[in-house]
Amino acid sequence: MTGKDPKSLIKVARENGQHDHIEPLDLGLRVRELRKARSWTLEQAAQQAGLARSTLSKIENGQMSPTYEALKKLAVGLEISVPQLFTPPQNSQVNGRMSVVKSGEGVHHATVTYEHELLAEALTKKSMLPYRARVRARSIEEFDGWVRHDGEEFLYVLTGVVHLYTEFYEPVEMRRGDSAYYDASMGHNVVSVSDEDATILWVTSLA
């Protein structure tokens, strides 16, 4: 189905069944931006979406208004949801920051209970603090009370076995591949219970 106006208004259905107009969006430009962000050629993107190359080209150039079936194929191919096709990123500024830390090259900081390897340390004003830790503690008594701080925290066990102690829950045994996501203002401590010191990946939100 072809359309003369590639920036025609898209209607968004709300839960109550009513419809509201949103601002016009150049769908073709949005699709092109999403494709280029993945460094895909027209041929690659069309193959991912299961569309003809000519069809995708017409969509990007505003020469065709895609059917809903085509929109679904595009969303699946681009690995996003259909609404995301019509929702540009809130933060339009792309600063391209990146930090690569090779194995063992993080900034090391040892304590009595943990040996931390800080990752992405070169980046300032981060929203997350990722670090790898070797869990030296073998008993909850080795800690001087609970560890607690602002933000949320994600823990992933890399090697060994640990017990995750938290202020409001029973201790949890966690093995390689297990993970936990929790409110970091809740008291928490981790101890190794395997023969070797366990290693874990921790990611703490800073926002």
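In this text the structure is predicted, and so the values were computed from the model without any measurement.

S.K.: Which residues make up the overall build of the chain, and what values go with them?
M.R.: Within the chain, the regular secondary structure consists of 5 helices and 11 strands. Burial statistics for the chain: of 207 residues in total, 32% are counted as buried. Once local pairs closer than 6 in sequence are excluded, the contacts in the chain between residues at least 24 apart make up 57%.

S.K.: Go over the pairing of strand 10 (residues 188-192), please, and point to the residues and values.
M.R.: Here strand 10 lies mainly inside the structure; 5 of its 5 residues are buried. Of the two faces of strand 10, the one holding H188, V190 and S192 and the one holding N189 and V191 are both buried throughout. Of the strand pairs in this sheet, strand 7 (residues 161-166) and strand 10 are connected by 5 bridges, and their pairing is antiparallel. Bridging from a neighbouring strand, Y165 pairs with N189 of strand 10.

S.K.: Could you give me a rundown of the pattern of salt bridges, with the residues and numbers involved?
M.R.: Here the structure, examined in full by the defined rule, presents 10 salt bridges. A salt bridge links D197 to R134, with the shortest nitrogen-to-oxygen separation between them at 2.4 Å. One end of the pair, D197, is in the loop between strand 10 and strand 11 (199-205); the other, R134, is in strand 5 (residues 128-135), with 63 residues separating them in the sequence. Given a relative accessible area of 23%, D197 falls into the partly exposed group. By relative accessible area, R134 is classed as partly exposed at 31%. Overlapping salt bridges, with partners in common, bring together E115, R134, R136, R138 and D197 in one network.

S.K.: How would you summarise the environment of A120 if you had to cite specific residues and measurements?
M.R.: Mapped onto the fold, A120 is located in the loop between strand 4 (114-118) and strand 5. Linking A120 and Y131, residues 11 residues apart in sequence, is a C-alpha distance of 8.4 Å. Setting aside anything within four residues of it in sequence, one finds A120 in contact with S99, V101, K126 and P130.

S.K.: Could you give an account of the nonpolar core, naming the residues involved and the relevant values?
M.R.: Residues L155, V162, V190, I200 and W202 are the most contacted members of the largest nonpolar core, which totals 20 residues. Secondary structure elements with two or more residues in this core: strand 4, strand 5, strand 6 (152-159), strand 7, strand 9 (179-183), strand 10 and strand 11. Ranked by residue count, the leading element in this core is strand 5, at 3 residues. Discounting residues that sit within four places of it in the chain, W202 has contacts with Y114, H116, L129, P130, Y131, A133, E153, F154, L155, Y182 and V190.

Rules and cut-offs
- Residues numbered from 1 in each chain as written.
- Predicted model: local features only at pLDDT ≥ 70, side-chain atom pairs only at ≥ 80, totals over all residues.
- Heavy atoms only, no water.
- Helix = DSSP H or I, 4+ residues; strand = E, 2+ residues; numbered from the N terminus.
- Buried < 20%, exposed > 50% of the residue type's maximum accessible area, 1.4 Å probe, protein only.
- Contact = heavy atoms within 4.5 Å.
- Pairing = 2+ DSSP bridges.
- Salt bridge = Lys/Arg side-chain N within 4 Å of Asp/Glu carboxyl O.
- Core = buried A, V, L, I, M, F, W, Y, C linked by side-chain atoms within 4.5 Å.

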